[in-house]
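Architecture at a glance
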Amino acid sequence: MKSDFTTDEFESKFLSKKYVNIVACFLVVVIALFIVANTMSNDNNINISADADSDISSDLGDEILGEDSTTETNGIVYSKDTVLEAWNYAYGLYTGEIVNNYKGYLSKTNASLNIVTLGYKQNILFETQMDSNGRVKQSNDVTGFVNRYTNTYVDTKSNQVYYKESDKKSNLQNMTASSVDIESYKSSMLVLPNEMIYNIDESNINFSTVKFSKFSNGYKYTFKLNLDSPSLDNYKKMIVLNSEGFVNDVGPTFTSIEVSFTVNKQGYFKSITRTEKYSVVAQLAFFKGNANCEYVGVETFDESYYNVYKSIQKPDWCI
């Protein structure tokens, strides 16, 4: 199917809203907060702690610092020192790169973006589903100072990304989606809806901060990222791309990024938590200076999708 409009038209029509699919970019919504009436961004807020693996917290065992587990799973002896190996294996399962019969995944994310300096908070709940053919369906509910609801569908068969959005959820039902080819979407948005906003690799893990815990159903790692790692450059570009109010398009200055992830005993992701603190230089009608921001996002995976294939059908609104 041919795209409804060209890349340039896509950028002017869609990016002029300074809004990128929140699912794909977690906190990219960070400074969109400075958009409406020079005010707000988009991410979801719920009462969750920075360590927020609430679904398994009661099942956690004693923290282990450097002591090897006696359990070997998929060739990994889980310990503090295997954080990168555990991440790479779970990520390979997540993408299907190391799976012969990939099933896909379903995840739900709750997040909060608190613009501390201005006293604003945005809430967002989004759900992402990917099947074994790479088709992706995503829904975002953003509430708070700004309300925004978005549906996105990536059709690898037709090489199209379909999307629709409204400030009222009830309006989405009768809306017809706009579309653009996958290459144009990624060129403009920098990531697809199912892609993570930044990589975890040897260059950005601060290994001295790694903590490791084991519990009855799996393992948990918590660590901080090196803030000067080039792996964060693309993420910073995403924040600037989707924001207004920056002085000279200066990107965010991160003061802390902490990542926590849990895997089950088969090595699949159970949850990923990101906690970020940063400041941006903003110039608005009512404010000029450094705005401090805090973001917490918890993505929880439906483990049944790792075992049972569930195909995604093209939604009716993708015409």
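The rules behind these values
Residues numbered from 1 in each chain as written. Predicted model: local features only at pLDDT ≥ 70, side-chain atom pairs only at ≥ 80, totals over all residues. Heavy atoms only, no water. Buried < 20%, exposed > 50% of the residue type's maximum accessible area, 1.4 Å probe, protein only. Helix = DSSP H or I, 4+ residues; strand = E, 2+ residues; numbered from the N terminus. Pairing = 2+ DSSP bridges. Polar contact = N/O pair within 3.5 Å; in protein donor to acceptor, adjacent residues only side chain to side chain. Salt bridge = Lys/Arg side-chain N within 4 Å of Asp/Glu carboxyl O. Core = buried A, V, L, I, M, F, W, Y, C linked by side-chain atoms within 4.5 Å. Contact = heavy atoms within 4.5 Å. Phe/Tyr/Trp six-rings, centres within 6.5 Å; stacked < 30°, edge-to-face > 60°. Lys NZ or Arg CZ within 6 Å of the ring centre and 35° of its normal. Expected span 1.5 Å × (residues − 1).

What about the pairing of strand β11 (residues 218-225)?
Counted residue by residue, β11 has 7 buried out of 8 residues, so it is predominantly covered. Pairing between strand β10 (residues 205-215) and β11: 7 bridges, direction antiparallel. Among the inter-strand pairings, Phe 215 is bridged to a residue of β11, identified as Gly 218. The turn linking β10 back onto β11 is made up of 2 residues. Of the strand pairs in this sheet, β11 and strand β12 (residues 253-264) are connected by 7 bridges, and their pairing is antiparallel. Counterpart to Tyr 221 in the pairing with β12 is Phe 261.

A word on the side chain of Ser 179
Looking at the secondary structure, you find Ser 179 in strand β9 (residues 178-181). We classify Ser 179 as buried; its relative accessible area is 0%. Side chain to side chain, Ser 179 and Gln 160 meet in a polar contact 3.4 Å long.

Here we look at the environment of Val 298
Relative to the helices and strands, Val 298 resides in strand β14 (residues 288-301). When its relative accessible area of 8% is taken as the criterion, Val 298 is described as buried. Spatially, the C-alpha atom of Val 298 lies 7.0 Å from that of Ser 271, the residues being 27 residues apart in sequence.

Focus on the pairing of strand β5 (residues 120-131)
Most of β5 sits out of view: 9 of its 12 residues are buried. Note that strand β4 (residues 104-115) and β5 share 12 bridges and pair antiparallel. Across the sheet, Ile 115 pairs through a bridge with Tyr 120, a residue of β5. What sits between the antiparallel neighbours β4 and β5 is a turn of 4 residues, in which Gly 119 has the positive phi angle 75°. Direction of pairing for β5 relative to strand β6 (residues 136-144): antiparallel, over a ladder of 9 bridges. Across the sheet, Asn 123 pairs through a bridge with Thr 143, a residue of β6. Hairpin connection from β5 to β6: 4 residues lie between these consecutive antiparallel strands, with Gly 134 at a positive phi of about 85°.

Some remarks on the pattern of salt bridges
Applying the stated criterion across every chain yields a total of 5 salt bridges. Among the ionic pairs, Glu 127 bridges to Lys 108, the shortest N-O distance being 3.8 Å. Pair noted here: Glu 127 is in strand β5 and Lys 108 is in strand β4, with a separation of 19 residues, a long-range link. Relative accessible area serves as the criterion here: at 30%, Glu 127 is assigned to the partly exposed category.

Points about unusual backbone geometry
The backbone of Asn 159 sits at a positive phi, close to 60°, despite the residue not being glycine. Relative to the elements of secondary structure, Asn 159 occurs in the loop between β7 (148-155) and β8 (160-166). The exposure class assigned to Asn 159 is partly exposed, which follows from its relative accessible area of 27%. Residues other than glycine seldom take positive phi values, yet Leu 190 does so here, at roughly 80°. Tracing the backbone shows Leu 190 in the loop between α5 (182-189) and β10.

Regarding the nonpolar core
Across soluble globular proteins, nonpolar side chains show a tendency to be buried alongside one another. Ranked by internal contacts, the top residues of the largest apolar core, which has 62 residues, are Tyr 198, Phe 223, Phe 261 and Phe 269. Counting residues per element, this core draws most heavily on helix α3 (residues 83-95), which supplies 7 residues. In contact with Phe 269, other than residues within four places in its own chain, are Trp 87, Ala 90, Tyr 91, Tyr 94, Met 196, Phe 261, Thr 262, Val 263, Phe 301 and Tyr 306. Listed in part, the 6 residues of the second largest apolar core include Tyr 162, Ala 177, Trp 317 and Cys 318.

Brief notes about the packing of aromatic side chains
Applying the stated rule across the entire model yields 19 aromatic pairs. Both rings, one in Tyr 221 and one in Phe 261, keep their centres 5.2 Å apart while their planes meet at 20°; by these two values the pair is stacked. Taken together, the residues Tyr 221 in strand β11 and Phe 261 in strand β12 connect sequence positions 40 residues apart. Phe 261 matches Tyr 221 in its accessibility class, with the two residues each being buried. Ring-pair connections join several aromatic residues into one group, and the members of that group are Tyr 78, Trp 87, Tyr 91, Tyr 94, Tyr 105, Phe 212, Tyr 219, Tyr 221, Phe 223, Phe 261, Phe 269 and Phe 301. Taking the ring centre of Tyr 198 as reference, the NZ or CZ of Arg 274 above it sits at 5.3 Å.

Structural notes on α3
Taking 1.5 Å per residue, 13 residues should reach 18 Å; α3 reaches 18 Å between its end C-alpha atoms and fits that length. Where α3 ends, the next residue or the one after it, Gly 96, has phi of about 85°, a positive value.

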